[in-house]
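What follows is the residue order along each chain.
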Amino acid sequence: MSKWYEEAVFYHIYPLGLTGAPKYNTEEETVHRLRDLEPWIAHMKEYGVTALYIGPLFESTSHGYDTRDYKLVDRRLGDNEDFKHFVKLCHESGIRVVVDGVFNHTGREFFAFQDLKEKREQSQYRWWYQDVSFEGNTHYNDGFYYKAWRNCFELANLNLYDEGVRQYLFDVVRFWIDEFDIDGIRLDCADCLEFNFMKDLRKVAEAKKEDFWLMGEVIHGDYARWTGEDMLHSVTNYELHKGLYSGHNDHNYFEIAHTIRRQFDANGGIYRGRRLYSFVENHDVDRLVNKLKEKAHLAPVYTLLYTLPGIPSIYYGGEWGVEGKKEGPNDDFLRPCLDLEKMEAQPPHPELKELLIKLAGLRKEAPALVDGVYKELCLTNRQYAFARILGEDAVVAAVNNDEAPARMEIPCPVAGSSALEVLTGETFPVENGKIQLEISAGGSAVFKILQE
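Residues numbered from 1 in each chain as written. Predicted model: local features only at pLDDT ≥ 70, side-chain atom pairs only at ≥ 80, totals over all residues. Heavy atoms only, no water.

Q: How should I be thinking about the side chain of D66 in this particular structure?
A: Inspection of the secondary structure puts D66 in the loop between β3 (58–60) and β4 (67–73). Buried D66, no salt bridge; nearest opposite-charge side chain is R76, N-O distance 5.7 Å. In terms of polar contacts, D66 uses its side chain to reach the side chain of S62, at 2.7 Å. Once residues within four sequence positions are removed from consideration, D66 is found in contact with S60, T61, G107, E154 and L155. (Helix = DSSP H or I, 4+ residues; strand = E, 2+ residues; numbered from the N terminus. Buried < 20%, exposed > 50% of the residue type's maximum accessible area, 1.4 Å probe, protein only. Lys, Arg positive; Asp, Glu negative; His and termini not counted. Salt bridge = Lys/Arg side-chain N within 4 Å of Asp/Glu carboxyl O. Polar contact = N/O pair within 3.5 Å; in protein donor to acceptor, adjacent residues only side chain to side chain. Contact = heavy atoms within 4.5 Å.)

Here it is, written out as structure tokens:
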């Protein structure tokens, strides 16, 4: 039986952006912006969402990843009671909650770093940070050097080999499970974390909550190194993310098909059996609308997101096709404040709503989309069809990146008399073992195979 996170449709919220919180945490007062997110729970449920990844939430100095206090919700968002109530409401609506775990580094205002600044060689926390040297310096002129994430010295790298650091962070995880009843953690910069730390973290988390989910942010590398029975459950599938938009921009479905074959093919896919976290946009990358040359390709991209192997995720605003593009190092445009009522009333791409709701509904009722093996059925530069097969059941997806409609003859992967196209409700006969259809320009189709 599949776990909740394997069956999930995720929604991703960057709360400091969505709630319009100030960019810098300079005020003393707590502002209860998390309460503004409560109407979004019904919105998520309408879209068939079953899990929310929300973060960062730890009390921080600016963007949320420069942690000040691991056991406090950022005062720009509210207090611990606000988030506890929010999680309770999500759970009552059948939505699991996953938060950011920022364990690679801390902000400079974190108590251990402050103690290091004050007591220097005598600080009991000098070994909590990487490569501390009192013979060096940084541009902050503390009188000592320390290793920082990508040389951003506002983010001081923790030494995850130090037992004090490890036990502190494990206690943080226990605290968030006990205090808020969270269901999982997304590990920021997982590709920078020490492997034994992640192994031990899994033991700690599962001892507190048996079905607790650990997902890592991994951009490059062999994802199998980070996932497995004793490691993380999942990582971000950046390789597929790139293929989903460039395969359309270049009219090259071979790129996507090659990626999936390499990753998940039943006869040699290097990640077969693993459930990677699939996405087309997040808080660090340009919006899909800005990456696609043809906006008409939104539909086939999202169809692939929900039907290819993986755990699909929608980044807030993506369901409406909102725009957002990085400007140099500035991520603000990727993390906008959105008014739910206004967006629902005037979405930039209203055609996405029905599509996403139907795709989520199909994923819920068709186990083949969760557990089914992948089988390629048709492939050209501009048309692509594949099946997800579980026993005698199958779902077939077809997409077209051409500017013109295309005739497709798709081999039916299992025995069946007809195929129900779930996006339109139209039924197609299976003749001579094939589904024949004309697929619209920039179109997609998803079939359930009906038995005799």
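There is more to say, and it comes next.
Q: How should I be thinking about the pattern of salt bridges in this particular structure?
A: Working definition: two side chains of opposite charge can pair if their charged atoms are close together. What the rule picks out here adds up to 44 salt bridges. Note that R68 is salt-bridged to E109, the shortest N-O span being 3.3 Å. One end of the pair, R68, is in strand β4; the other, E109, is in the loop between β6 (105–107) and α5 (111–119), with 41 residues separating them in the sequence. Of the residues examined, R68 reaches a relative accessible area of 16% and is grouped as buried. When its relative accessible area of 38% is taken as the criterion, E109 is described as partly exposed. Residues E409 and K434 are paired through a salt bridge, measuring 3.5 Å at the closest nitrogen-oxygen approach. In this pair, E409 is assigned in strand β16 (residues 406–411) and K434 in strand β19 (residues 434–439), connecting sequence segments 25 residues apart. Accessibility expressed as a relative area gives 33% for K434, which makes it partly exposed. Counted as one network, the salt bridges with shared partners bring together E28, E59, R68, R75 and E109.

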